[in-house]
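Here is what each chain is made of, one letter per residue.
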Amino acid sequence: MWRSVMRNLHALFLLPLLGGSIASHPVLDGPDMAYLGSQVVLRCIVPDSSSPVTYKLRRDGRLIDARTHLEEDQSASFLLKVTVRSGGLYHCEAKTEGSTGLSNGIRLSVVTPASHTRLYSDPSPAVLYEGSRMVLSCDAAKGSHLSYSWFFNRTHVTSTTSPGLHITGNKLVIERATAEHAGYYSCMAWSRVQDVQRFSSSSEVKVAVKVHLLKPEISLSVFKAGTHYRGNVTCWTSRGTPPVNFSLSVDDKKLASVIASDSLSAWFNISVVPGLDMGAARCWVRNEVQELTSEPLTLEVVPVGGDVNVEVDYLYTSDSKLAAARLTCYVSRGSFPLISWLFNNATLPSETQMNSKMQQVRPQYALMDWRRILILAKLDPKDSGYYKCRVRDRYDDSATWLESNAVLIHVKDWMLDNRLEETASPETSATTTELIAIVFCCFLLLTLAVSSYCVYMMTDNKKGLCSSSAPNATSDVLPLSVPIFHLEGKQADKCSTGRSVNTQYVEIPV
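Thresholds applied
Residues numbered from 1 in each chain as written. Predicted model: local features only at pLDDT ≥ 70, side-chain atom pairs only at ≥ 80, totals over all residues. Heavy atoms only, no water. Pairing = 2+ DSSP bridges. Helix = DSSP H or I, 4+ residues; strand = E, 2+ residues; numbered from the N terminus. Axes fitted to C-alpha atoms, helices over the stretch in contact; angles between N-to-C directions. Disulfide = S-S within 2.5 Å. Buried < 20%, exposed > 50% of the residue type's maximum accessible area, 1.4 Å probe, protein only. Contact = heavy atoms within 4.5 Å. Patch = residues over 30% accessible without salt bridge, like charges linked within 9 Å, V, L, I, M, F, W, Y side chains within 5 Å. Areas by Shrake-Rupley, 256 points an atom, 1.4 Å probe, with all protein chains shown as cover. Salt bridge = Lys/Arg side-chain N within 4 Å of Asp/Glu carboxyl O. Lys, Arg positive; Asp, Glu negative; His and termini not counted. Charge placed at Lys NZ, Arg CZ, Asp CG, Glu CD. Core = buried A, V, L, I, M, F, W, Y, C linked by side-chain atoms within 4.5 Å.

Chemist: Help me out: how do you make sense of the sheet that holds strand β20 (residues 217–225) in this one?
Modeler: Pairing between the strands of a sheet comes from backbone hydrogen bonds, and it takes one of two forms, parallel or antiparallel. As summarised here, the arrangement of the 3 strands in space is β20-β21-β24, forming an open sheet in which the pairing is antiparallel. The open sheet has two free edges, formed respectively by β20 and β24 (265–272), since each of these has just one partner strand. Each strand of the sheet is rotated relative to its neighbour by a mean of 25°, with strand direction disregarded. One ladder, built from 9 bridges, connects β20 with strand β21 (residues 228–236); its direction is antiparallel. Looking across to β21, one finds that Glu217 is bridged to Trp236.

Chemist: I tried to follow the state of the cysteines on my own but got confused; where do I start?
Modeler: Between two cysteines, a covalent bond joining their sulfur atoms is known as a disulfide. One pass over the structure, following the stated rule, counts 4 disulfides. For Cys44, the disulfide goes to Cys92, at an S-S distance of 1.8 Å. The sign of the -95° torsion about the S-S bond sets the Cys44-Cys92 disulfide as left-handed. You can see Cys44 sitting in strand β3 (residues 39–45) and its partner Cys92 sitting in strand β7 (residues 88–96), a full 48 residues away along the chain.

Chemist: Whenever I open this one, the environment of Leu63 confuses me. Can you help?
Modeler: Among the secondary structure elements, Leu63 is positioned in strand β5 (residues 62–70). Assessed through its relative accessible area of 47%, Leu63 is described here as partly exposed. Taking the C-alpha atoms as reference points, Leu63 and Cys92, separated by 29 residues in sequence, lie 9.6 Å from one another. Those residues within four positions of Leu63 in sequence are excluded, and the remaining contacts are Lys56, Leu57 and Arg58.

Chemist: So what exactly am I meant to see when it comes to a negative patch on the surface here?
Modeler: On the surface, a cluster of negative charge is contributed by Asp251, Asp252, Asp277 and Glu300. Structurally, the position occupied by Asp251 is in the loop between β22 (244–250) and β23 (253–260). The exposure class of Asp251 is exposed, given its relative accessible area of 51%.

Chemist: In this structure, what is going on with unusual backbone geometry? I would like to understand it.
Modeler: Among all residues save glycine, negative phi is the norm, and among peptide bonds the norm is trans. Looking along the chain, the bond that leaves Asp122 and enters Pro123 is cis, with omega of 10°. Note that Pro123 resides in the loop between β10 (115–122) and β11 (127–129). Along the chain, Ser124 connects to Pro125 via a cis peptide bond; the corresponding omega equals 0°. With respect to the helices and strands, the residue Pro125 is situated in the loop between β10 and β11. Positive phi values are uncommon outside glycine, yet Gln194 reaches one of about 55°.

Chemist: Whenever I open this one, the nonpolar core confuses me. Can you help?
Modeler: Nonpolar side chains in soluble globular proteins generally cluster together in the buried interior. Ranked by internal contacts, the top residues of the largest apolar core, which has 24 residues, are Val222, Val233 and Phe246. Those elements that place two or more of their residues in this core are β20, β21, β22, β24 and β25 (277–286). If we ignore the near neighbours within four places in the chain, the residues touching Val222 are Tyr229, Arg230, Gly231, Val272, Val301, Phe336 and Tyr395. One finds Val308, Leu348, Leu374 and Leu376 within the second-largest nonpolar core, a separate group that totals 22 residues.

Structure below.
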């Protein structure tokens, strides 16, 4: 076949030499691409032709069609129905009386529209863990000259608009998957010929991105069943993708295992004896790629006992105003204490509200840390009184309550002090300042007078000074509010030869 094509092309190029040439070469016009099954028109014309022309259309040198004896300046139109064999190099041969010419060539490509497009994932099914790589491929059962578009949750995506996604050819690559990449993906294979676009879309594929597990936690609660006690061991993790497998071990011996399909927690029921160490328990959590264990938990239930005390802390604002009072109940021992508060020997609040970790009782009260802390949040004179707490085992309704001593809260006095400070006017503050200044001046004058008198007495003659200490000279005795100083030197010695002098120290408050 190839030899036949070459012979025909050789003959075409020899025709002008053997039969002469025309004034101008013919021009072939038409599309270079066409959809399979469509129709195309190729037109051939000899410009400035002065005589009738015969046109022949050839593909790869082989005659396809011919138009004979057309008038000058009239083009020849060749209508082709495009098949899979229509692709190739087309030429137009024009012949007049005694001359032949060969046109330019047009290489026609047959475009097959995309059909039966499907989306494939690697790995399959489309499930992967964070940080893993996934490749999505868009494959059409039929089609040529195809381009591809990608959609995530029905929104068109590209490599530039979607970080972490890389598009090359018919593939979309998720290099390092995150939770944000989970969703529905689809693709479209399409081609365009001139202004006509034909496409085929795939169905959606759901991509699931699993979250890695975090270290599990473990806790124990106890309840009474008849005359026996049971423990409820809770295992949970705060991050991960179900389903996951939870296991419980005690002293490194596996006791039970359960698969959590819709949650990240599991519960195990065990037997416990209050006051007895049952060993160290651990939780294990496992999925396809991870296996993690919790910290050990000692399975020892200590009954409530020992002393119960209440401590009070007062809370102030930044401007030193009393804002609230915090009462904390302490018990010497007990793994699961149930705490109740009493105000003037009345339960505060109702004992039916004891199971939440933090609860709002009413606006002026709040309980925290499993009722261990009582906050008097809005102080009022009505809150004055005696407060105390009582404690028993939470898991045994028949256990005996242990009570603390009562503490007295004087809300009224504090509130009055705060109100006086808050309601003091600028005029009252100014008056108080002036009063303090006056008292200070009077005290200063009094101090100067006393000091002058003492200096005078120290410089007086010995007789006068000594006689002032005589028992009968009562008129010269100083009042108790005036200090009597020690005499120094010879003067003191001379006075001591007579009667003894009793020295008094009286403190003058400043």
